[in-house]
Amino acid sequence: MRFQTVIEVKRIRNKLRLTQAEFAGLVNGTVIDVDERNRRAKICNYTHNLIDRAFGRQEHPAFEKYEAFLESRCFPGSRDKMKLVLRGLDLPFYDPFLIIEKTQGRMAEDDQWIRIER
């Protein structure tokens, strides 16, 4: 199940009369609440399947684990001709958060993705 916009998710949630937690449980995922200023990441897993969890068994990841997770869902910072890829994404420099905003962290080898809401 893939959603194109946050508005679409809210529309479907409202139509089904589900809370955010109930909806996340339905779609099997992890919600990551991030406080960049204080370098904190709090997670809520809505699945028991470890493969569908952003941090596996870990329930309280350090902020550095969150940063590593973001980078793991991007092309490598050492990629050949990276400037061309960044230009294609309309990004001025390599930043995993900005890249994921554009790519949703999609990878060729799996069906996982990331939705960023501010």
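Scroll up to find the structure.
Residues numbered from 1 in each chain as written. Predicted model: local features only at pLDDT ≥ 70, side-chain atom pairs only at ≥ 80, totals over all residues. Heavy atoms only, no water.

### What to know about unusual backbone geometry
- Residues other than glycine seldom take positive phi values, yet Arg-39 does so here, at roughly 55°.
- Along the chain, Arg-39 falls in the loop between β1 (30-35) and β2 (40-45).
- The class for Arg-39 is partly exposed, based on a relative accessible area of 42%.
- Positive phi values are uncommon outside glycine, yet Gln-104 reaches one of about 60°.
- In this fold, Gln-104 is placed in the segment after α5 (96-103). (Helix = DSSP H or I, 4+ residues; strand = E, 2+ residues; numbered from the N terminus. Buried < 20%, exposed > 50% of the residue type's maximum accessible area, 1.4 Å probe, protein only.)

### Quick word on the packing of aromatic side chains
- Under the criterion given, the structure shown has 3 aromatic pairs.
- On the numbers, 5.6 Å between centres and 70° between planes, the contact of Phe-75 with Tyr-94 is edge-to-face. A residue pair is termed long-range when its members are at least 10 positions apart, and Phe-75 in the loop between α3 (63-72) and α4 (82-88) and Tyr-94 in the loop between α4 and α5 qualify at 19 residues.
- According to the relative accessible area criterion, Phe-75 is buried, its value standing at 13%.
- Accessibility expressed as a relative area gives 21% for Tyr-94, which makes it partly exposed. (Phe/Tyr/Trp six-rings, centres within 6.5 Å; stacked < 30°, edge-to-face > 60°.)

### Some points on the nonpolar core
- Formed by 16 residues in total, the largest nonpolar core has its most connected members in Tyr-66, Phe-75, Leu-86 and Ile-99.
- Looking at this core, the elements that each hand over two or more residues are β2, α3, α4 and α5.
- Sort the elements by how many residues they give to this core and α3 lands first, with 4 residues.
- When sequence neighbours within four positions are dropped, the list of residues in contact with Phe-75 reads Met-82, Val-85, Leu-86, Leu-89, Tyr-94 and Ile-99. (Core = buried A, V, L, I, M, F, W, Y, C linked by side-chain atoms within 4.5 Å. Contact = heavy atoms within 4.5 Å.)

### Quick notes on the side chain of Asn-45
- By the secondary structure assignment, Asn-45 is in strand β2.
- Within the local environment of Asn-45, its side chain forms a polar contact with the side chain of Thr-30, the two groups lying 2.6 Å apart.
- What Asn-45 contacts, discounting residues up to four positions off in sequence, is Gly-29, Thr-30, Arg-53, Gln-58 and Glu-59. (Polar contact = N/O pair within 3.5 Å; in protein donor to acceptor, adjacent residues only side chain to side chain.)

### A closer look at the side chain of Arg-53
- Mapping Arg-53 onto the fold places it in the loop between β2 and α3.
- Looking at Arg-53, the relative accessible area reads 15%, which means it is buried.
- Not counting residues up to four positions away in its chain, the partners in contact with Arg-53 are Thr-30, Asn-45, Thr-47, His-48 and Glu-59.

### As for the environment of Pro-76
- Mapped onto the elements, Pro-76 comes out in the loop between α3 and α4.
- Once the C-alpha coordinates of Pro-76 and Ala-62 are considered, the two residues, 14 residues apart in sequence, prove to be 22 Å apart.
- Aside from chain neighbours lying at most four places away, what touches Pro-76 is Met-82 and Tyr-94.

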